[in-house]
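Results of the structural survey
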Amino acid sequence: MIRKYPSALLENAVNEFAKLPGIGRKTALRLVLHSLNRSPEEVEAFGQAMIELRNEVNYCRVCHNISDDDVCQICSDFSRDAALICVVENIKEVMAIENTGQFRGLYHVLGGIISPMDGIGPKDLQIESLVERVKSGGVNELIFALSSTMEGDTTNFYIYRKLSETGVKMSIISRGIAIGDEIEYADEITLGRSILNRTNFVDTLKL
Ligand SMILES: [Zn+2]
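Below, the structure is looked at part by part. Counting of residues starts from 1 at the beginning of each chain's written sequence and follows it residue by residue. In view of the model being predicted, local features appear only for residues whose pLDDT reaches at least 70, and side-chain atom pairs are presented and counted only at 80 or more, with totals across whole chains, interfaces and linings using the full set of residues. Neither water nor hydrogens contribute to the side-chain values; these are computed over all heavy atoms in the structure.

A few words now on the nonpolar core. Of all hydrophobic cores here, the largest spans 22 residues; its most connected members are Val 87, Leu 142, Ile 159, Leu 163 and Met 170. Put simply, the parts of the chain that give this core at least two residues each are strand 1 (81-88), helix 5 (128-135), strand 3 (141-144), helix 6 (150-163) and strand 4 (169-172). The contact criterion used throughout is that any non-hydrogen atoms of two residues lie within 4.5 Å. The contact partners of Val 87, leaving out residues within four places of it in the chain, are His 108, Leu 110, Leu 130, Leu 142, Ile 143, Phe 144, Ala 145, Leu 146 and Ile 159. If you look at the next biggest cluster of nonpolar residues, it comprises 20 residues, including Cys 63, Ile 97, Val 109 and Ile 143. What makes a nonpolar core is a set of buried Ala, Val, Leu, Ile, Met, Phe, Trp, Tyr and Cys residues whose side-chain atoms join them at distances within 4.5 Å. Exposed residues in this analysis have more than 50% of their type's maximum accessible area, buried residues have under 20%, and partly exposed residues fall in between, with area computed by a 1.4 Å probe over protein chains only. Helix and strand definitions here come from DSSP, where helices need a minimum of 4 consecutive H or I residues and strands a minimum of 2 consecutive E residues; each element is numbered from the N-terminal end.

Right, here's the structure in full:
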């Protein structure tokens, strides 16, 4: 454990890196020392990219995926099937599913899942906009691709209850593979197959 730094500037920079997920103080120090070996222009470009990302980030007003435009590239691609919407927690799941090249529908990014323990309720997520999206018509099927945790199940069921009267078909990606935190690590073939081999959500409810 490093306690003493020869410079407050160094310590400050280490503190900032150490706030990042998965970065301990040892790694933070290594990254900071590495930054010192880079040219001032390179470090400035790094800092600038972070500042611009944070200040100028924009979300698609349809699916809430990250986007440089008002409507993202996926939503504005008319060769995709707009009647099929895959419901995911976060942007990284969109990226993982896009990498499979197996899905030609659109997405809806909730921005998390219902988790009372963390104080996250339906109002904190993009659920109402999903309900409106379905009710405005043109959607035939929703595919739930959330974590296979209690929170994921709760969220699926909440959406199901909100939309069951609309008659929209709701399905869930096959549970053979781990979803959620592992979705980005699932190999592309398995993930692609789990979307193709989805099951009717109602059948998974033990009524
Ligand atoms: Zn979009």
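For the rest of this paragraph, the subject is the packing of aromatic side chains. Working definition: a ring pair exists when centres of Phe, Tyr or Trp rings (six-membered ring for Trp) sit within 6.5 Å. Plane angles under 30 degrees give stacked, over 60 give edge-to-face, the rest tilted. This structure, assessed with the given rule, holds four aromatic pairs. Plain terms: the ring middles of Phe 144 and Phe 201 are 5.1 Å apart, the flat faces sit at 75° to each other, and that makes the pair edge-to-face. Here Phe 201 lies in helix 8 (residues 201-204) and Phe 144 lies in strand 3, a separation of 57 residues in the sequence. Assigned by exposure class, Phe 144 and Phe 201 land together as buried. Pairing Tyr 160 with Phe 201 gives two aromatic rings, centres 5.4 Å apart and planes at 55°, and the pair type is tilted. Highlighted residues: Tyr 160 in helix 6 and Phe 201 in helix 8, separated in sequence by 41 residues.

On to the coordination of the zinc ion, then. For a metal with four tetrahedral donors the ideal donor-metal-donor angle is 109.5 degrees, while six octahedral donors give ideal angles of 90 or 180 degrees. For the zinc ion, the full set of protein donor atoms is Cys 60 (SG), Cys 63 (SG), Cys 72 (SG) and Cys 75 (SG), and the range of their distances to it is 2.3 Å. Coordination at the zinc ion is tetrahedral: its four donor atoms span angles of 106 to 115° at the metal. The donor set covers N, O and S atoms within 2.8 Å of the metal, switching to 3.2 Å for Na, K and Ca, and it leaves out water, so a site may look short of donors. Geometry is assigned from donor-metal-donor angles: four donors are tetrahedral when every angle falls between 85 and 135 degrees, four are square planar and six octahedral when opposite donors sit over 155 degrees apart with all other angles between 65 and 115, and any other arrangement is irregular.

What follows is about the sheet that holds strand 4. Read across the open sheet, the five strands follow the order 2-1-3-4-5; overall the sheet is mixed. The open sheet has two free edges, formed respectively by strand 2 (105-109) and strand 5 (199-200), since each of these has just one partner strand. Against the sheet, helix 5 makes contact with strand 1, strand 2 and strand 3, and its axis sits at roughly 150° relative to strand 2, the strand it touches most. To get an axis, fit a line to the C-alpha atoms, keeping to the stretch in contact for a helix; angles then go from 0 to 180 degrees between the N-to-C directions. On top of the sheet, helix 6 reaches strand 1, strand 3 and strand 4; it is set at about 165° to strand 3, its chief contact. Two strands form a pair only when DSSP identifies at least two bridges running between them.

Next up on the list: helix 1 (residues 8-18). In an α-helix there are 3.6 residues to a turn, and that puts residues three or four apart on one side. Of the residues making up helix 1, those classed as buried are Leu 10, Val 14 and Phe 17. What you see down the axis of helix 1 is that its buried residues fit within an arc of 65°, all on one side. Summarising the geometry of helix 1, the exposed residues directed more than 90 degrees from the buried face are Ala 8 and Leu 9. On its buried face, helix 1 is in contact with helix 2 (25-37) and helix 3 (40-56). Whenever two N or O atoms come within 3.5 Å, that pair is a polar contact, provided that in protein one can donate a hydrogen and the other can accept it, and provided that, for residues adjacent in sequence, both atoms are side-chain atoms. N-cap assignment for helix 1: the residue whose side-chain oxygen lies 3.1 Å from the backbone N of Leu 9 is Ser 7. The directions from the helix axis to the C-beta atoms form the arc being described.

Moving on, we get to the pairing of strand 4. Across four bridges, the pairing between strand 3 and strand 4 is parallel. What sits directly across from Ile 143, in strand 4, is Ser 171. Of the strand pairs in this sheet, strand 4 and strand 5 are connected by two bridges, and their pairing is antiparallel. Residue pairing for strand 5: Ser 171 is matched across the bridge by Asn 200.

Coordinates in, geometry out; function isn't part of it.
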